[in-house]
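Now for the letters of each chain:
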Amino acid sequence: MKIGNRTGVRRGVEVHDFDPATATVDDLATLRRHIYHDKIVVFKEQTLDVRGFVAFGSEFGKPVAYYEPMYRHPDSDFVFVSSNIDRASSRVGVPKTGAFWHSDYQFMPEPFAVTCFYPQQLPTVGRGTYFIDMAKAYQRLAPDLRAAIENTHSLHSSRRYVKIRPSDVFRPLGEVIAEVERKTPPQRWPTVLVHPVTGERVLYVCEAFTYAIQDAAGGALPDSLLTDLLAASGQLDQSFEHDNIFVQSYEPGDLVLWDNRTLIHRALHNPGNEATESFRVTVLDEHPLTSKEAA
Ligand code: 7UC
Ligand code: FE
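Residues numbered from 1 in each chain as written. Chains lettered and ligands numbered in written order. Predicted model: local features only at pLDDT ≥ 70, side-chain atom pairs only at ≥ 80, totals over all residues. Heavy atoms only, no water.

**Topic: the coordination of the iron ion (ligand 2)**
No. 1: Here the iron ion (ligand 2) is held by the protein donor atoms His-102 (NE2), Asp-104 (OD) and His-265 (NE2), which lie 2.1 to 2.2 Å from it.
No. 2: Read N to C, the donor residues that coordinate the iron ion (ligand 2) are spaced as H-x1-D-x160-H.
No. 3: On the accessibility criterion, His-102 (6% relative accessible area) is buried. (Donors = N, O, S within 2.8 Å, 3.2 Å for Na, K, Ca; no water. Buried < 20%, exposed > 50% of the residue type's maximum accessible area, 1.4 Å probe, protein only.)

Written out as structure tokens, the structure reads:
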């Protein structure tokens with residue numbers, strides 16, 4: 001295994017010659033450190049099948065099956081498939097997922113620690129992922145904004161981004177919406193997480209899922225506070241030129257792991273309909289989402 005700094009990009013490390021079958025305990029401990037401290041680890045030239053990819057993810061935490069079965073790979077519930085490929089028999093996965101600022105499962109009771117992303121088929125141009133490091137975004141907040149979110153909580157829901165399933169066709173929209181609220185009720189998290197491994201303070205709001213901020217007594221704070229946080233962190237910049245934003249593009253064989261507590265991401269899909277497919281395995285680690293100690 002060879003670990004190097006990445007050139008020409010703002011974050012992360014690059015790993016060559018990594019074989020999950022022969023990795024030592026020390027190798028894995030080193031890689032975990034890089035995930036939490038450098039935030040992105042790009043494994044090059046990987047050739048794993050579905051089973052191998054799940055085993056790979058398991059080295060970094062406990063894989064979780066996505067709650068909506070339509071995303072799951074037919075050979076493993078733990079593999080989430082983003083795909084626009086039309087197969088003669090039946091469709092696999094969901095097209096154009098995640099094209100909005102979010103942290104995976106922020107709207108669920110147990111958000112993932114690490115996301116493992118493994119493109120299978122890349123279009124000729126335009127497949128990548130935008131990222132924002134929300135620990136850095138927190139540090140860069142104006143002092144008055146930082147003070148305004150001290151001891152506050154935020155509410156998160158997937159309701160604006162849940163995809164209609166084939167089985168929902170002809171159902172009344174109100175019934176579908178009521179089911180979404182029942183199955184995935186809003187979650188409440190501190191607006192500022194304390195990263196359980198690094199101790200960093202992380203601004204834990206995203207444009208897709210976060211919809212309200214509450215003071216320490218549970219009272220609603222003005223919507224403008226959330227808008228100010230989204231704007232300051234770069235999530236409202238439609239040109240993607242905000243200084244907090246960086247982009248990860250993919251070469252065949254790349255397998256990318258990131259710290260899903262600290263980084264929010266947004267998929268960059270090819271604007272046309274060129275065939276594209278990626279697999280994802282998401283894992284929980286042994287730590288809570290946020291540590292209780294003040295950093
Ligand atoms: O279809 C999608 O973009 C899935 C999204 C609503 N959730 C991904 C996640 O893990 O939070
Ligand atoms: Fe995602």
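Still more ground to cover, so stick around.
**Considering the nonpolar core**
No. 1: Among the nonpolar cores identified, the biggest contains 39 residues, and Met-134, Ile-149, Leu-203 and Leu-229 are the most heavily contacted of them.
No. 2: Listing elements by their share of this core, those giving two or more residues are β8 (128–133), α3 (134–139), β11 (192–194), β12 (201–203) and α6 (223–233).
No. 3: Those residues within four positions of Ile-149 in sequence are excluded, and the remaining contacts are Tyr-138, Leu-141, Thr-191, Val-192, Leu-203, Leu-225 and Leu-229.
No. 4: Phe-18, Leu-28, Leu-48 and Val-92 belong to the second-largest nonpolar core, a separate cluster that totals 27 residues. (Core = buried A, V, L, I, M, F, W, Y, C linked by side-chain atoms within 4.5 Å. Helix = DSSP H or I, 4+ residues; strand = E, 2+ residues; numbered from the N terminus. Contact = heavy atoms within 4.5 Å.)

**Things to note about the sheet that holds strand β10 (residues 187–190)**
Strands belonging to one sheet form pairs held by backbone hydrogen bonds; the direction of such a pair is parallel or antiparallel.
No. 1: With respect to topology, 3 strands assemble into an open sheet ordered β10-β9-β13, the strand pairing being antiparallel. Two strands lie at the open edges of the sheet, namely β10 and β13 (210–214), each paired on one side alone. Taken pair by pair, the neighbouring strands of this sheet meet at an average axis angle of 30°, ignoring direction.
No. 2: The pairing of strand β9 (residues 153–156) with β13 spans 4 bridges and is classified as antiparallel. Note that in β13 the partner of His-156 across the bridge is Thr-210. (Pairing = 2+ DSSP bridges. Axes fitted to C-alpha atoms, helices over the stretch in contact; angles between N-to-C directions.)

**Thoughts on the pattern of salt bridges**
No. 1: What the rule picks out here adds up to 18 salt bridges.
No. 2: As a salt-bridge pair, Arg-165 and Glu-68 come within 3.4 Å of each other at their nearest N and O atoms. Of this pair, Arg-165 sits in the loop between β9 and α5 (173–183) while Glu-68 is found in the loop between β4 (62–63) and β5 (72–73), placing the two residues 97 residues apart along the sequence.
No. 3: Of the charged contacts in the structure, one is a salt bridge between Lys-183 and Glu-68, with a shortest N-O distance of 3.2 Å. One end of the pair, Lys-183, is in helix α5; the other, Glu-68, is in the loop between β4 and β5, with 115 residues separating them in the sequence.
No. 4: By relative accessible area, Glu-68 is classed as buried at 8%.
No. 5: The structure contains a network of salt bridges with shared partners spanning Glu-68, Arg-165, Asp-168, Arg-171, Glu-175, Glu-179 and Lys-183. (Salt bridge = Lys/Arg side-chain N within 4 Å of Asp/Glu carboxyl O.)

Remember, this is a structural readout, not a statement about activity or role.
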